[in-house]
Amino acid sequence: MSHLDEMTGLLYLEGELDVNREREVSTHRSVCAPCRRMLQALERESIWLRESLAAQEEAIPQRLARVPGRSTTAPWAWIAALGMGAGGAYTLWSGLVEPWLAQASEAGFTQGNLLTMLLFSGAFWKGWGRMQTLTQFLSAATLGVFLLWLAGRRWRRFSVAGAVLTAGLGFSMLTLPSSASAAEVVHGDPNYTLPAGDEVKTDLIVAAQHARIDGDVDGDLIVWSRSITVNGRVKGDILALGQELRVNGQVDGNVRAFAQSFTLNGSVVKNVMTWAHEFDMDEKARVGGTMTLGSANVQLDGHLNGDLLAFVEDLDINGSLSHDATIRAQRLRFGPNATVAGHTQYRGGRQPEKAPDAQLGSPIEILAGHRPMPSYASPRLYWHQILAWGASFLFGVVLLLVAPAFFADTENASKRFGPAIGLGVLFLFAIPVAAVLACFTIVGLGVGITTLLSYIVALYSAQVFIGAWLGEKLMGPGIGTGAIIGRLAIGLAILRLLRLIPFAGHLISLLVVIWGLGALVLAIERRMRPQWAPAV
Amino acid sequence: MDERKATGAMNDAELNEVISHVRAGDPDAWGELYRRYAPAIFRFCRRALPTREDAEDATTEIFMKTRQKLGTFDSSRPFTAWMYKVASNHCWDLLRRRRTRQNLETPDVEELALEHPDPSQLERLQAERSSEELRAALAKLPDRARMALVLRYYADMSYDEVADTLGVRRAFVGVLLLRARHQLREVLRGTSVEAESAGGNS
């Protein structure tokens with residue numbers, strides 16, 4: 001018999017050979033010194049492996065050493081907590097979202113639902129037009145979440161792929177234009193002109209160096225261009241991104257503009273919303289709805305039929321306003337021709353200047369420059385805190401039940417304080433910048449808006465993960481969903497209390513947002529990481 | 001096999017009683033069970049998974065699974081073995097989900113050298129390398145190799161159990177183990193060479 005190979009030797013030592021082969025090997029072992037030595041070496045290696053693996057008993061970490069949490073929450077506490085959560089959600093809706101929607105509706109976002117409003121009155125996503133009500137959207141969102149959950153449970157190994165697929169399907173569904181959304185898309189070479197007398201029967205989407213619209217557009221006008229001049233009539237909305245925008249014609253819908261300078265000489269039947277460094281409204285200009293401004297220098301000489309909401313540095317009003325004005329500015333001046341029929345509310349750096357001939361419906365209400373301190377004696381403050389806690393708790397519970405593994409990953413990631421804070425700071429600023437930049441391209445607009453919406457959700461959810469971490473830190477790790485929920489409730493309550501501390505409360509809120517956002521990024525990164533390096 | 005790594009002194013009758021209490025929803029019994037098994041399961045995870053953080057997370061998750069699956073446990077069989085089975089399945093699932101590039105390599109029986117090893121080299125390696133170095137080398141192995149060694153030489157699993165956990169044929173377990181030993185020796189030799197060159201350079 002020749003020498004034993006190593007495989008046979010190992011199987012012999014492990015007792016895995018059949019009886020006959022084992023007998024052969026035993027016989028050979030007794031007569032062959034090299035094989036005997038090889039078997040001894042292998043055997044010693046086995047012992048060495050066992051001893052080394054059994055040695056160095058590492059102390060169990062503190063978080064695992066403690067007795068696991070037991071859910072001792074009484075049923076009534078659950079009912080109360082969930083009731084509070086529902087109350088909080090209702091309060092958030094009725095106290096914040098609904099009035100905001102009402103204001104937005106007043107400002108001309110009259111398409112009927114929140115997302116349609118956010119997506120610029122359906123100027124881009126005609127698909128939203130089908131979703132006439134918020135209920136429909138919520139149903140679709142719930143279905144999406146359910147599919148994600150199902151993907152996570154049924155096809156756990158493919159959960160990421162499932163999530164991407166579902167998100168992709170959802171996104172495609174949302175971005176697919178309906179048959180009614182036909183649009184004429186033109187690219188300037190390098191300029192584009194719609195001649196006077198010509199009429200575009202659909203929406204018109206223009207990307208050109210210089211765009212000039214002398215003709216009529218039956219639908220919306222969406223335009224990216226260095227300079228944009230609209231002399232014709234636009235029966236829909238105008239959404240314009242450019243360096244210089246001039247609207248001399250008539251717009252039957254709304255105007256929403258992002259521009260370096262925006263001059264309005266014509267008339268807008270509905271509303272104007274603009275982010276422009278310079279905004280100049282000529283005395284001939286007319287706006288039938290409201291005006292929302294975010295600008296550096298603004299000159300209002302025309303007529304505004306609705307409310308004015310302005311966040312500006314320098315504001316000169318020398319035209320007429322038929323309703324109220326809410327202004328936040330460094331400087332405010334009412335010229336001699338200024339007329340404000342309604343109420344004027346002003347918060348700013350300097351005292352407003354008013355020409356003697358200016359006519360204001362009521363004295364200017366000047367608000368203090370800083371927000372007042374919360375009234376600690378008011379029970380209302382605490383009631384609101386309880387409701388806000390309930391809302392965040394409810395949100396956290398839903399998050400935990402829908403994506404428990406991701407919830408645990410993010411909570412664990414929050415323990416890496418340094419990296420979480422670093423990434424949190426980075427992404428806090430980087431995401432909105434990237435999203436806004438994406439919005440400047442026609443392809444990236446949907447992505448940009450989706451990113452912004454996700455960003456808002458991420459900022460809100462940050463407190464949930466930090467709350468869960470805090471709860472675990474205080475009460476020790478818990479086993480089971482009930483224990484995690486209990487810790488979450490306590491952690492969120494403590495965070496809410498910390499926020500009530502004068503001055504420091506704001507800093508704590510910011511820290512929580514940054515920290516939680518960073519943890520979220522770490523958790524997502526960990527899930528997407530293609531490979532990991534073993535620790536040395 | 002049944003007396004796996006330190007799970008605390010508790011005879012079968014006591015253990016079965018604790019388990020039946022846990023099944024009935026007694027939180028104290030669950031605490032007792034956790035106290036008995038958490039250290040052993042954590043140590044197992046610490047060896048099966050490359051980082052301490054992963055081991056901590058996995059331990060928590062294994063106990064969550066244990067609680068959910070306790071109803072399916074056949075009390076006529078050893079609980080410790082069942083617990084290790086849950087733990088090893090969880091760790092292996094975790095590693096597979098991460099799909100390291102290392103694991104994409106296909107262990108091939110034909111590739112395995114069946115030569116007569118040099119016993120003196122093997123002995124020298126054992127003499128020169130400490131347990132700490134072996135543990136560190138273990139962490140550098142591909143997941144499947146590390147899992148095979150840990151299941152067999154730490155968790156004392158039989159070839160059948162190793163095959164079942166890793167999803168391979170029973171006949172392949174020996175090959176896996178031998179291959180893992182080879183890889184471990186390679187890593188240890190590499191460490192040795194590095195140490196020598198570092199010593200020579202200084």
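Residues numbered from 1 in each chain as written. Chains lettered and ligands numbered in written order. Predicted model: local features only at pLDDT ≥ 70, side-chain atom pairs only at ≥ 80, totals over all residues.

J.: Would you explain the overall build of chain B in this entry?
T.: Counting its regular elements, chain B contains 10 helices and zero strands. For chain B, the α and β elements follow one another from N to C terminus as α-α-α-α-α-α-α-α-α-α. Long-range pairs, those at least 24 residues apart, make up 72% of the contacts in chain B between residues at least 6 apart in sequence. (Helix = DSSP H or I, 4+ residues; strand = E, 2+ residues; numbered from the N terminus. Contact = placed C-beta atoms within 7 Å.)

J.: How should the overall build of chain A be read in this particular structure?
T.: For chain A, the count of helices and strands is 14 helices and 24 strands. Across the 536 residues that make up chain A, the buried fraction comes to 35%. Contacts in chain A between residues far apart in sequence, at least 24 positions, make up 33% of those at least 6 positions apart. (Buried ≥ 20, exposed ≤ 12 C-beta atoms within 10 Å, placed from the backbone.)

J.: Looking at this structure, how should I read the pairing of strand β8 (residues 238–247) of chain A?
T.: Each regular strand shows side chains that alternate between the opposite faces of the sheet. Residue and element names in this part refer to chain A. For β8, the tally of buried residues reaches eight of 10 residues, placing the bulk of the element in the interior. Sheet topology note: the strand β6 (residues 221–230)/β8 ladder contains nine bridges and is parallel. By the bridge assignment for β8, Val 230 is matched with Val 247. In the sheet, β8 pairs with strand β10 (residues 255–264) via nine bridges, with the strands oriented parallel. Across the sheet, the residue bridging to Gly 242 is Ala 259, located in β10. (Pairing = 2+ DSSP bridges.)

J.: Help me out: how do you make sense of the nonpolar core in this one?
T.: Generally speaking, soluble globular proteins have nonpolar side chains that are buried together. Core analysis: the biggest nonpolar cluster contains 65 residues, and Ile 41, Phe 44, Cys 45, Ala 148 and Leu 149 of chain B have the highest contact counts within it. No other element matches the 11 residues that helix α2 (residues 27–48) of chain B contributes to this core. Among the nonpolar cores identified, the runner-up in size contains 56 residues, and Ala 211, Val 255, Met 281 and Ala 329 of chain A belong to it. (Core = buried A, V, L, I, M, F, W, Y, C linked by C-beta atoms within 7 Å.)

J.: Which parts of the structure should I look at to understand the packing of helix α3 (residues 33–54) of chain A against helix α6 (residues 119–128) of chain B?
T.: Contact geometry for α3 of chain A and α6 of chain B: axes closest at 9 Å, N-to-C directions at 25°. Considering the angle they form, α3 of chain A stands roughly parallel to α6 of chain B. Relative to α6 of chain B, α3 of chain A is oriented so that their crossing is left-handed. Between α3 of chain A, through Arg 37, Met 38, Ala 41, Arg 44, Glu 45 and Trp 48 of chain A, and α6 of chain B, the contact on the second element is made entirely by Pro 119, Leu 122, Glu 123 and Gln 126 of chain B. Split by residue class, the contact of α3 of chain A with α6 of chain B holds five nonpolar, one polar and four charged. (Axes fitted to C-alpha atoms, helices over the stretch in contact; angles between N-to-C directions. Parallel < 35°, antiparallel > 145°, perpendicular 65-115°, else oblique. Left-handed = near helix turned anticlockwise from the far one by under 90°. Nonpolar A, V, L, I, M, F, W, Y, C, P; charged D, E, K, R; others polar.)

J.: Even after reading the chapter, I still don't get the environment of Gly 471 of chain A, so can you show me in this structure?
T.: All names here are of chain A. Tracing the sequence through the fold places Gly 471 in helix α12 (residues 445–475). C-alpha of Gly 471 to C-alpha of Ile 494: the two residues are 23 residues apart in sequence and 8.6 Å apart in space. Sequence-distant contacts of Gly 471, that is, excluding residues within four places in its chain, are made with Arg 487, Leu 488, Ile 490 and Gly 491.

J.: Would you take a moment to explain helix α8 (residues 143–153) of chain B for this structure?
T.: Since the α-helix packs 3.6 residues into each turn, any two residues three or four apart lie on the same face. Burial analysis of α8 of chain B places 11 of its 11 residues in the buried class, which makes it a mostly covered element. Among the residues making up α8 of chain B, those that are buried are Asp 143, Arg 144, Ala 145, Arg 146, Met 147, Ala 148, Leu 149, Val 150, Leu 151, Arg 152 and Tyr 153 of chain B.

J.: Whenever I open this one, helix α2 (residues 19–31) of chain A confuses me. Can you help?
T.: Here α2 of chain A is 13 residues long and its end C-alpha atoms lie 19 Å apart, about the 18 Å a rise of 1.5 Å per residue gives. Among the 13 residues that make up α2 of chain A, one are buried, leaving the element largely open to the surroundings. (Expected span 1.5 Å × (residues − 1).)

J.: Explain the packing of helix α1 (residues 12–23) of chain B against α2 of chain B here, please?
T.: Helix packing for two helices is described by the angle between their axes and how far apart those axes are. Residue and element names in this part refer to chain B. Where α1 meets α2, the axes come as close as 7 Å, and the angle between the chain directions of the two elements is 130°. Between α1 and α2, the crossing angle belongs to the class labelled oblique. Along this stretch, α1 crosses α2, giving a crossing that reads as left-handed. For the pair formed by α1 and α2, the contact residues are Val 18, His 21 and Val 22 on the first element and Ala 29, Trp 30, Glu 32 and Leu 33 on the second. Broken down by class, the residue content of the contact of α1 with α2 amounts to five nonpolar, one polar and one charged.

J.: Teacher, can you tell me more about the pairing of strand β19 (residues 331–334) of chain A here?
T.: Residue and element names in this part refer to chain A. Here β19 shows one buried face, formed by Leu 332 and Phe 334, and one open face, formed by Arg 331 and Arg 333. Of the strand pairs in this sheet, strand β16 (residues 308–317) and β19 are connected by four bridges, and their pairing is parallel. Pairing of Leu 315 across the sheet is with Leu 332, part of β19.

J.: Looking at this structure, I do not really get the environment of Val 186 of chain A. What am I missing?
T.: Residue and element names in this part refer to chain A. One can find Val 186 in strand β1 (residues 183–187). Since 16 C-beta atoms lie within 10 Å of it, Val 186 is described here as partly exposed. Sequence separation between Val 186 and Ala 207 is 21 residues; the distance between their C-alpha atoms is 6.5 Å. If we skip the residues at most four places from it in the chain, Val 186 touches Tyr 192 and Val 206.

J.: Help me out: how do you make sense of the confidence of the model for chain A in this one?
T.: Residues and elements named next belong to chain A. Looking at chain A as a whole, its pLDDT mean stands at 77, while 72% of the residues score no less than 70. Note on residues 153–162: pLDDT under 50 across the span, and seven contacts to partners over four residues away in sequence or across chains. Counting contacts from residues 171–181, a segment whose pLDDT is below 50, to residues more than four positions away or on other chains yields 14 contacts. (pLDDT = per-residue confidence, 0-100.)

J.: I keep staring at the environment of Leu 293 of chain A and nothing clicks. Help me out?
T.: Residue and element names in this part refer to chain A. If you trace the backbone, Leu 293 turns up in strand β14 (residues 291–300). The class for Leu 293 is buried, based on 22 C-beta atoms found within 10 Å. With 19 residues separating them in the primary sequence, Leu 293 and Val 312 have C-alpha atoms 7.1 Å apart. Apart from the residues lying within four places of it in its own chain, the contact partners of Leu 293 are Thr 274, Phe 279, Val 298, Ala 310, Phe 311 and Val 312.

J.: Mind showing me how you'd approach unusual backbone geometry here?
T.: Residues and elements named next belong to chain B. Positive phi is not limited to glycine here, since Asp 156 has a value of about 55°. Mapped onto the secondary structure, Asp 156 falls in the loop between α8 and α9 (159–166). With 16 C-beta atoms packed within 10 Å, Asp 156 lands in the partly exposed category.

J.: What is the right way to read the confidence of the model for chain B from this model?
T.: The predicted structure's coordinates, where accompanied by low pLDDT, should not be read in detail. All names here are of chain B. For chain B, mean pLDDT is 78; residues scoring 70 or higher make up 80% of the total. When pLDDT is averaged over each element of chain B, α8 comes out on top at 91 and helix α5 (residues 101–104) at the bottom at 45. Long-range and interchain partners of residues 100–110, a stretch whose pLDDT sits below 50, account for 13 contacts in this model, where long-range means more than four residues apart. Long-range and interchain partners of residues 195–202, a stretch whose pLDDT sits below 50, account for zero contacts in this model, where long-range means more than four residues apart. Per the prediction output, this complex has pTM 0.41; the corresponding ipTM is 0.82.

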